[in-house]
Every structure is written in C-alpha cells, then in structure tokens.
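# Secondary and tertiary structure notes
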Amino acid sequence: MIKWLVTLGAVQENVRLDNQHVYYFAKYMYPEVTEPTFIKAFLKKLNLNLWINYHDMPEMLEYFLCHLRRNGGTFKDNTERCEPIELSIRNLRFLNIASILKFQDAPRVPSVDTVWFIYNRLFGISPTASAAECLRLLWNSLPDAFFSFEEIEMALQAGLSYNFYSGAVGVFQARVELRSLKHLCRPTVRRMLWESGCWIPDGIRLTGVPRHFQSFLNLEA
C-alpha cells in the first residue's frame, strides 16, 4: 500500500505528504526498508521542514537524511527551508542536531547567531541537557573562538548563561582565544566531506584514520 502510494503516482509529484501521514508511513519504514528507489520516491513526498518542526526523533531523521544524502539530495531540493539547524533550534528540537550534523558539516548561519538562537530560546525556561549537548556539538563543528565570560555577560547580563555555555563546551574562557590547530583541522575535514557529497560518518570511516580520530571528526569528543 505504501509503495503504491509513493511510487505509482497515487500522489502527484509536487504534492507533499502531511505530517500525520509521514509519521504513519515512517514508523513502518524505519529501519527495515532499504530499497533505494522506494526511499528516493518517498523523500520527494516528505517535507523535512515539517518533520523537524514536529518531531524529536533523531534516529528516524538520521534514517531519512542518510538516504537523502546517498541519493544525492539536499535540503534545498526537499524543503523550502535549507537551514535545518536553525529550524531545530527555533523549535527547541535539540535532539535532531546530532543527526543533522552527520548530513552537513556545520550550521549554515553565522556562528554568533547560532549561540544567540539557543540562549534566546532558553530564556524563561531551565537549560536542559539536550540543549547543552546541542551547543557542544555546534561549537565542535565550528572553527570560531570560544566566547569569553565577558562577551556573554555583557550581551546577556546573566552569569548563569555563561555557566551553561562553558559547561556545555567544556571550557571557561576569561578572554577570547583562538581554537587549537587540532580543532581547526576538524571543521576543515568535515567541510571537505560535505562538499564532496558524503554522508559524513561514511566519509570519515573511509579516511582510514585511527578510531579516536574518527570519533573526534564525528564530534563525539
């Protein structure tokens, strides 16, 4: 039934499935369905914008993104919004970030805006573990210097905010300092893999570097 609906023209090419139908089909597809032609057809009907808006299901999102990348697709092809990290942050879907950072190397918005998105969305609610992990992943993917205590205190006038930031990224900086050369290699390699069209974990594995370097490039450490 699902295959007929998706691949045999029951739904017109330019019509996207709504969120309820996507979730219904996705839970039956994931993770068993691996037929490339079927998944490619399904992705043409899937609005990833809506999925990111409504779901914190990183395993399913990763399944879709992996197949999208391996079929040569992009977010621009799939949805009107082409910056999924910004979309996830705006909608507090922090669990999606790890999956998205396997699809693309880093946020496509300026890094300063990225961290302000997180803080602005967290004002009025308690900082969560998923938000802290989101911030860690984002900052590990970027070449930019860590924010200093003075910068965040002046911008937000709240010491608690810097405690959250420094706890997430694992560094307390009294002043702005450049990142290490080792770290600067990480976003460079990841960007090269992204530009070559790789699913980033696949590309990292194919480099043949030792496992601890693979973990580093995969933002796991």
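Above this text you will find the structure in question.
All of the points below concern the structure found in this document. Remember, it's a predicted structure, so these values are computed and weren't measured experimentally. Counting starts from 1 at the beginning of each chain's written sequence and moves along it residue by residue. Local features in this predicted model are restricted to residues whose pLDDT is 70 or higher, and side-chain atom pairs enter the listing and the counts only when it is 80 or higher, whereas totals over whole chains, interfaces and linings include all residues. The side-chain numbers reported here are obtained from all heavy atoms of the structure, hydrogens and water having been left aside.

### Comments concerning the overall build of the protein
- The helix count covers DSSP runs of H or I at least four residues long, the strand count covers runs of E at least two residues long, and both are numbered beginning at the N terminus. Secondary structure assignment for the protein yields 15 helices and zero strands.
- Accessibility here uses a 1.4 Å probe with only protein chains present; expressed as a share of the type maximum, an area under 20% marks a residue as buried, one over 50% as exposed, and anything in between as partly exposed. The buried share of the protein, taken over its 221 residues, is 47%.
- Within the protein, counting contacts between residues at least 6 apart in sequence, those at least 24 apart form 74% of the total.
- Note on areas: Shrake-Rupley with a 1.4 Å probe; residue coverage comes only from the protein chains shown. Element-wise, carbon and sulfur atoms account for 56% of the exposed surface of the protein, whose accessible area totals about 11,500 Å². Note on definitions: a residue-residue contact is assigned when non-hydrogen atoms from the two residues lie within 4.5 Å.

### Here we look at the packing of helix α3 (residues 36-45) against helix α5 (residues 58-70)
- Every axis corresponds to a line fitted to the C-alpha atoms, with the helix fit spanning only the stretch in contact, and the corresponding angles, defined between N-to-C directions, vary from 0 to 180 degrees. Interhelical geometry of α3 versus α5 gives an angle of 110 degrees and a closest axis separation of 10 Å. Judged on the interaxial angle alone, α5 and α3 are roughly perpendicular. Two secondary-structure elements touch here, α3 through Ile39, Phe42 and Leu43 and α5 through Tyr63, Phe64, His67 and Leu68.
- Split by residue class, the contact of α3 with α5 holds six nonpolar, one polar and no charged. Roughly parallel here means an angle under 35 degrees, roughly antiparallel means over 145, roughly perpendicular means 65 to 115, and every remaining angle is called oblique. We call Asp, Glu, Lys and Arg charged. Ala, Val, Leu, Ile, Met, Phe, Trp, Tyr, Cys and Pro are nonpolar, and the rest, Gly among them, are polar.

### Re the pattern of salt bridges
- When a carboxyl oxygen of Asp or Glu is within 4 Å of a side-chain nitrogen of Lys or Arg, the pair counts as a salt bridge. On inspection of all chains with the given rule, the structure shows seven salt bridges.
- Residues Arg93 and Asp56 are paired through a salt bridge, measuring 3.9 Å at the closest nitrogen-oxygen approach. One end of the pair, Arg93, is in the loop between α7 (84-90) and α8 (97-103); the other, Asp56, is in the loop between α4 (48-54) and α5, with 37 residues separating them in the sequence.
- According to the relative accessible area criterion, Arg93 is partly exposed, its value standing at 22%.
- In this structure Asp56 comes out as partly exposed when scored by relative accessible area, which is 29%.

### Some points on the environment of Asn140
- By secondary structure assignment, the location of Asn140 is in helix α10 (residues 129-141).
- Ignoring sequence-local partners within four residues, the contact set of Asn140 consists of Arg179, His183, Arg186, Leu219 and Ala221.

### Details of the environment of Val171
- Residue position: Val171 is located in the loop between α12 (159-169) and α13 (181-195).
- Each C-alpha atom, one on Val171 and one on Phe146, is 7.9 Å from the other, the two residues being 25 residues apart in sequence.
- Beyond its immediate sequence surroundings of up to four residues, Val171 is in contact with Phe146, Tyr162 and Ser166.

### Thoughts on the nonpolar core
- Take the buried Ala, Val, Leu, Ile, Met, Phe, Trp, Tyr and Cys residues and link them wherever side-chain atoms come within 4.5 Å; each set so joined is a nonpolar core. Ranked by internal contacts, the top residues of the largest apolar core, which has 45 residues, are Phe64, Leu65, Ile97, Trp139 and Tyr165.
- When residues of this core are traced back to their parent elements, those giving at least two are α2 (19-29), α3, α4, α5, α7, α8, α10 and α12.
- Setting aside anything within four residues of it in sequence, one finds Phe64 in contact with Ala26, Phe42, Leu43, Leu46, Leu48 and Trp51.

### Some words on α10
- Its 13 residues give α10 an end-to-end C-alpha distance of 18 Å, which sits within 8% of 18 Å, the value for a rise of 1.5 Å per residue.
- Of all the 13 residues making up α10, 10 are buried; the element is thus mostly covered by neighbouring parts of the structure. Helix span, expected: 1.5 Å multiplied by one less than the number of residues in the helix.

### Here we look at the side chain of Ser166
- With respect to the helices and strands, Ser166 occurs in helix α12.
- Looking at Ser166, the relative accessible area reads 12%, which means it is buried.
- Here Ser166 is in contact with Val171 and Phe172, once residues within four sequence places are set aside.

### Remarks on the packing of aromatic side chains
- Each pair of aromatic rings taken from Phe, Tyr and Trp, with Trp reduced to its six-membered ring, is defined by centres within 6.5 Å and is described as stacked if the planes are under 30 degrees apart, edge-to-face if over 60, and tilted in the remaining cases. A full pass over the atoms with the stated rule returns one aromatic pair.
- Put simply, a charge is over a ring when the Lys NZ or the Arg CZ is close to the ring centre, within 6 Å, and near the line of the ring normal, within 35 degrees. In this structure, Arg69 packs its charged tip against the face of Phe103, placed 4.5 Å from the ring centre.
- Against the face of Phe216 rests Arg186, its NZ or CZ located 3.8 Å from the ring centre.

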